Amino acid sequence: MDVSTINLPLAVLLPFVGAAVVAWAAHFHRVAAAWLAGITTLLALGVLYPALIAVFAGETLIQSWVWMPAIGLDFAFRLDGLGALFALMILVIGLLVILYARYYLSAKDSMGRFFAYMLTFMGSMLGVVLSENLLQLMVFWELTSLSSFMLISYWQHREDARQGARMALAITGGGGLALLAGILLLGQMVGSYNLSDVLLAGEQIRAHALYLPTLVLIAIGVFTKSAQFPFHFWLPNAMSAPTPVSAYLHSATMVKAGIFLLARFFPVLAGTPEWSWLIGTVGMITLLVGAFVALFQHDLKGLLAYSTISHLGLITLLFGLGTELAAVAALFHIINHATFKASLFMVAGIIDHETGTRDMRRINGLLKYMPHTAVLAMIAAAAMAGVPLLNGFLSKEMFFDQAVVASGESLWGQAIPVMATLAGVFSVAYSLRFIHDVFFNGEPVNLPKMPHEPPPFMRIPVDVLVVLCIAVGMLPMFTVAPLLAVAVQGTLQGVPPEYSLAIWHGFNEPLLMSFIALVGGIAVYAVRKPLFAWYESRVRGQQLRHLYDWKIDKLLQVARGVTRGFDRGSLQDMLFWVLGFTLLMGTAGFLSSAAPLLGERVLLPLDAVSLAVGATLILASLLSVVLHRERLIALVVLGAVGLVVSLAFVKFSAPDLALTQLSVEIVTIVLLMLALYFLPQYTPRTSAVWRKWRDGILAGLLGLGAAVLALAVMTRETATLADYFVTQSVPGGGGANVVNVILVDFRGFDTMGEIAVLALAGLGIFALLQQIKLYAPAEDSSGRAWALEANPFILQTFSRVLFPLMLMVAVFVFLRGHNLPGGGFIAGLIAALAIVLQNLANGIGWTAQRIRSDMHSWLAAGLLVAAGTGMVAMALGYPFLTSAHTHVHWPVVGDFELASAMFFDMGVFLVVVGATVMILVELGKLNRLDAPTPVLQGEV
Amino acid sequence: MELLIALSIGVLVACGVYLVLRASTFPVVMGLTLLSYATNLFLFAMGRLAIGVPAIVRPDAAGYADPLPQALVLTAIVIAFGMTAFAIVLALKARGETGSDHVDGRTPHPNPSPSRGEGLRGSLAPPRPLRERGLGGEGESP
């Protein structure tokens with residue numbers, strides 16, 4: 001297969017495969033994990049390379065496979081300019097972060113886990129930016145939330161890491177729900193979830209009545225992911241992650257996923273007043289709040305976190321302005337922010353690594369300890385501040401320019417450039433603080449470690465990024481221009497506007513604003529001491545995080561209250577609610593139906609025998625309830641009920657059912673008898689009178705409902721599938737017993753599931769009975785010791801004679817099952833009864849010497865035979881469990897139909913025998929639990 | 001005849017529900033058994049009742065009973081047995097572990113009111129251990 005037709009999904013799936021390999025490889029060598037992670041990333045880049053070339057030549061690649069057409073889900077990938085920009089950022093910065101993390105992680109940290117999470121996250125991000133189908137995009141979107149949760153909580157032993165990760169997951173996950181709703185609406189409007197269709201339907205969507213709710217829902221998804229006000233507070237709390245994670249997630253990837261969606265939907269959703277108001281306003285608030293708060297952070301990473309929030313706000317604001325040039329500026333700033341912020345996070349990590357703290361009140365004067373790192377940090381911070389000749393300056397100029405363009409007549413419009421400049425002031429101030437406080441400002445205060453330069457390979461990623469900052473800042477046309485051009489084209493899905501990447505645009509308003517920002521920033525930083533004091537005393541406590549904590553607390557309290565209101569740890573109460581609700585729903589159903597209660601069907605005549613039998617059933621049922629304290633007697637009565645039920649099956653032309661019911665009845669009663677031995681023989685009177693009345697009334701009403709419902713159905717005529725099965729049974733299934741043919745042929749797959757359930761029940765019981773702490777009572781409830789001569793002689797003798805006869809009956813019933821009442825289920829029960837009878841009459845020990853009671857192999861064999869029958873059909877090119885049949889003449893037995901379904905029935909037989917015998921014999925074995933011991937406490 | 005069957009189903013359901021709501025495990029299992037009888041009869045009756053019609057395909061037959069509900073009920077009977085068995089063994093295990101045959105593994109507590117506001121953050125209150133109620137303590141096993 002030509003790789004170039006599948007390279008997009010390949011690139012996305014590679015990191016996921018790599019994650020598994022890395023996790024496995026780390027068991028052998030920890031550094032191998034890092035190498036493999038790097039190689040995986042390089043491979044993904046390599047796989048993507050030909051596609052990138054095509055995109056730079058102006059193509060849009062789509063690779064799509066039909067997946068679930070009924071819901072509009074395709075397995076579809078798309079690479080255009082926007083996707084290419086993000087994919088490059090994800091992979092290149094990812095590669096640098098992997099190199100950095102290799103030296104950052106200490107010997108105590110598990111490299112395998114880190115890099116496996118990292119690659120999972122990388123794959124999820126690639127999936128988001130390369131998805132053509134929006135539903136598929138949504139899946140990857142959620143995967144980024146989950147994998148970032150793992151990354152943020154990487155140091156699981158730390159409380160703050162767990163809290164931060166949980167907060168990030170709660171907020172981004174909640175936003176994901178909103179986004180999903182938005183995307184579903186979008187898909188409904190367009191009639192397709194594929195981006196190619198959605199991107200062309202911009203006008204239709206903007207004119208649609210559901211435009212506003214869609215916009216709001218998608219915006220919530222974007223705002224939560226990209227840490228926009230008022231959801232921004234998760235980002236600073238996620239700083240408890242290892243610094244490589246912060247460098248990756250909060251510069252180029254996770255938080256940019258929201259921005260990516262803004263860019264992706266820009267041609268579809270932008271251009272309306274609603275868009276500008278919602279996106280623009282939130283972006284502006286975030287820009288200001290982030291820049292302001294960043295200045296007051298004492299934690300290095302805290303400062304960078306708020307600065308990230310502020311820059312994300314800036315990008316959001318630019319998209320919110322809605323013009324094409326603003327979108328160009330936004331894309332440019334995405335690139336620039338990724339480079340300088342990633343390098344700054346890495347510097348913060350280096351400082352943390354080499355000094356042991358991130359508190360800027362203690363880290364001072366590092367210039368002379370780590371001059372190289374200091375120079376890198378200063379350049380990157382200057383880029384963040386928007387100092388000329390660096391990349392941040394260029395995009396900030398574009399931003400100021402767009403702010404001026406956007407300022408219209410209104411007061412709000414006039415305010416945009418003013419607020420933009422104000423944000424610039426704070427941005428310069430906190431950048432200055434990052435430089436001055438850390439690298440100058442006297443001597444370090446009481447550092448845990450003596451600072452020095454980091455290992456060279458830890459610094460190389462920063463070197464690369466800072467060189468990029470300078471290169472883009474000085475020679476934009478020769479560096480970033482082609483990438484920006486395709487990104488703009490991919491975003492706008494049309495002809496890009498004219499824009500200039502020149503460094504010098506002459507003396508104009510943006511330059512003036514830059515100048516004001518620089519001077520103002522320096523001034524603000526100069527008066528920082530009183531500002532800090534004011535902030536500490538007035539603002540600090542008012543964080544949204546506390547509101548969030550309070551809300552979560554309240555939510556948990558309410559949830560706990562509700563849970564406790566319904567679930568008091570009592571099965572009785574829970575059942576009461578469930579049954580009561582069932583009654584309520586049933587009643588509502590009855591009341592809302594206008595149809596007459598009874599139908600027109602001609603009823604069957606009632607004869608005296610039936611009446612007598614029916615009355616027996618009813619009386620026996622009632623008696624089993626009345627006598628339920630006398631457990632043994634109630635059990636006997638219960639057996640009578642079961643027998644009458646099987647009589648009913650005989651009466652109404654269902655011999656198979658009657659046979660099954662009869663044999664199951666015997667097995668059930670034996671089982672309950674065995675169990676009763678370990679339980680109290682009498683039920684104490686504990687229920688209060690009100691409870692009995694309550695339960696009685698509920699039971700009566702439910703019984704009435706069931707009776708009325710049954711009557712309503714039985715008195716109506718209906719079209720059934722019966723004709724099909726009856727006419728097809730002989731020609732299609734080769735059997736005259738339609739019930740059996742349905743079981744082993746028409747609905748063989750159902751039966752397959754049912755015997756699997758039965759086998760599981762048997763195994764589950766076997767597991768439950770291992771090491772059970774039960775002690776057989778030495779005497780019965782009235783104080784008499786149990787009789788020791790367990791096995792009556794006559795029963796012993798007869799049971800031994802009966803054994804081969806019973807097995808023969810089982811074989812007979814099995815063989816005739818396809819054409820006459822019988823079959824695997826019934827034959828299995830009869831054979832099981834034969835074995836159980838031996839155990840009852842002769843004792844477990846005696847029987848175990850003669851019949852192997854280990855039934856696991858029976859269960860396995862039965863399931864294998866049943867599944868194997870189906871497989872054979874598949875091997876012959878038919879669907880699973882297709883049957884074939886032929887005539888066979890067998891002397892004595894006569895002419896009969898041999899169907900492949902018989903092998904399937906054999907599997908059923910084996911499982912039924914295996915499960916039944918396993919259950920009863922395992923339970924019976926408990927009886928042999930050695931010496932009789934005193935009755936347990938709580939015995940009545 | 002239909003009325004009689006409907007009545008039987010109703011009585012089986014009522015008796016089953018009442019027993020399922022009891023506090024000890026054994027009546028609950030008995031209730032489940034009754035409920036499964038009721039369910040099987042109900043499912044069976046959905047194919048309408050027919051007396052004296054052949055169950056086997058024959059050339060001379062005038063009509064047949066609906067075989068599909070029968071096939072469903074046949075497996076349902078066997079599965080119900082598996083479920084009853086599992087429930088009763090679970091009851092035995094619970095008795096072994098807690099020393100009580102109460103469905104909640106305890107004798108009824110006089111005051112089961114929940115304690116509120118324990119100030120737990122981010123996690124639900126842990127279930128109260130059985131030991132508090134003085135039952136099934138580890139040192140008490142004979």
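Looking at an unreviewed UniProt entry, one finds chain B named Multisubunit potassium/proton antiporter, PhaC subunit (TC 2.A.63.1.1), with Thiothrix caldifontis as its source organism. Quoted verbatim from the Sequence similarities (unreviewed entry) field of UniProt, the annotation for chain B is "Belongs to the CPA3 antiporters (TC 2.A.63) subunit C family." The Subcellular location (unreviewed entry) field of the UniProt record for chain B holds the comment "Cell membrane".

As annotated in an unreviewed UniProt entry, chain A carries the name Multicomponent K+:H+ antiporter subunit A and is attributed to Thiothrix caldifontis.

Engineer: Tell me about the overall build of chain A, and name the residues and values.
Structural biologist: The secondary structure content of chain A amounts to 38 helices and four strands. Across the 940 residues of chain A, 55% fall into the buried class. Restricting the contact set of chain A to residue pairs at least 6 apart, pairs at least 24 apart contribute 79%. Counting only carbon and sulfur atoms, one obtains 71% of the accessible surface of chain A, whose full area is about 39200 Å².

Engineer: Could you give an account of the nonpolar core, with specific residues and numbers?
Structural biologist: Ranked by internal contacts, the top residues of the largest apolar core, which has 203 residues, are Phe-115, Ile-205, Trp-234, Trp-275 and Phe-319 of chain A. The biggest single contributor to this core is helix α16 (residues 324-355) of chain A, with 19 residues. Residues Val-738, Ile-844 and Phe-909 of chain A together with Leu-92 of chain B belong to the second largest nonpolar core, which totals 129 residues.

Engineer: Any details on the interface of chain B and chain A? Residues and values, ideally.
Structural biologist: With 93 residues of chain B in contact, the opposing surface of chain A contributes 123 residues. Overall, the association of chain B and chain A removes approximately 9900 Å² of surface from exposure, summing both partners, and the carbon and sulfur fraction of that is 74%. Counting the contacts that link chain B with chain A gives three salt bridges. One salt bridge in this structure joins Arg-22 of chain B and Asp-695 of chain A, with 2.3 Å as the shortest N-O distance. Here chain B is connected to chain A by 18 residue pairs in polar contact (both at pLDDT 80 or more). Among the elements of the structure, α1 (2-20), α2 (25-45) and α3 (67-98) of chain B are those that each provide at least two residues to the side of chain B that touches chain A. In terms of residues, the side of chain B that touches chain A owes the most to one element, α3 of chain B, which gives 23 residues. Residues of the side of chain B that touches chain A, tallied by class, amount to 61 nonpolar, 18 polar and 14 charged.

Engineer: Just give me the short version of the confidence of the model for chain A, but keep the residues and values in it.
Structural biologist: Residues and elements named next belong to chain A. Scored by pLDDT, chain A comes out at a mean of 87, with 95% of its residues at no less than 70. Per-element mean pLDDT across chain A ranges from 64 in strand β4 (residues 894-899) up to 95 in helix α9 (residues 211-225). Scored below 50 in pLDDT, residues 929-940 makes 18 contacts in the model with residues more than four places away or belonging to other chains.

Calculation rules
Residues numbered from 1 in each chain as written. Chains lettered and ligands numbered in written order. Predicted model: local features only at pLDDT ≥ 70, side-chain atom pairs only at ≥ 80, totals over all residues. Heavy atoms only, no water. UniProt positions renumbered as here; feature names shortened; annotations may be inferred. Helix = DSSP H or I, 4+ residues; strand = E, 2+ residues; numbered from the N terminus. Buried < 20%, exposed > 50% of the residue type's maximum accessible area, 1.4 Å probe, protein only. Contact = heavy atoms within 4.5 Å. Areas by Shrake-Rupley, 256 points an atom, 1.4 Å probe, with all protein chains shown as cover. Core = buried A, V, L, I, M, F, W, Y, C linked by side-chain atoms within 4.5 Å. Buried area = accessible area lost by both parts, 1.4 Å probe. Salt bridge = Lys/Arg side-chain N within 4 Å of Asp/Glu carboxyl O. Polar contact = N/O pair within 3.5 Å; in protein donor to acceptor, adjacent residues only side chain to side chain. Nonpolar A, V, L, I, M, F, W, Y, C, P; charged D, E, K, R; others polar. pLDDT = per-residue confidence, 0-100.

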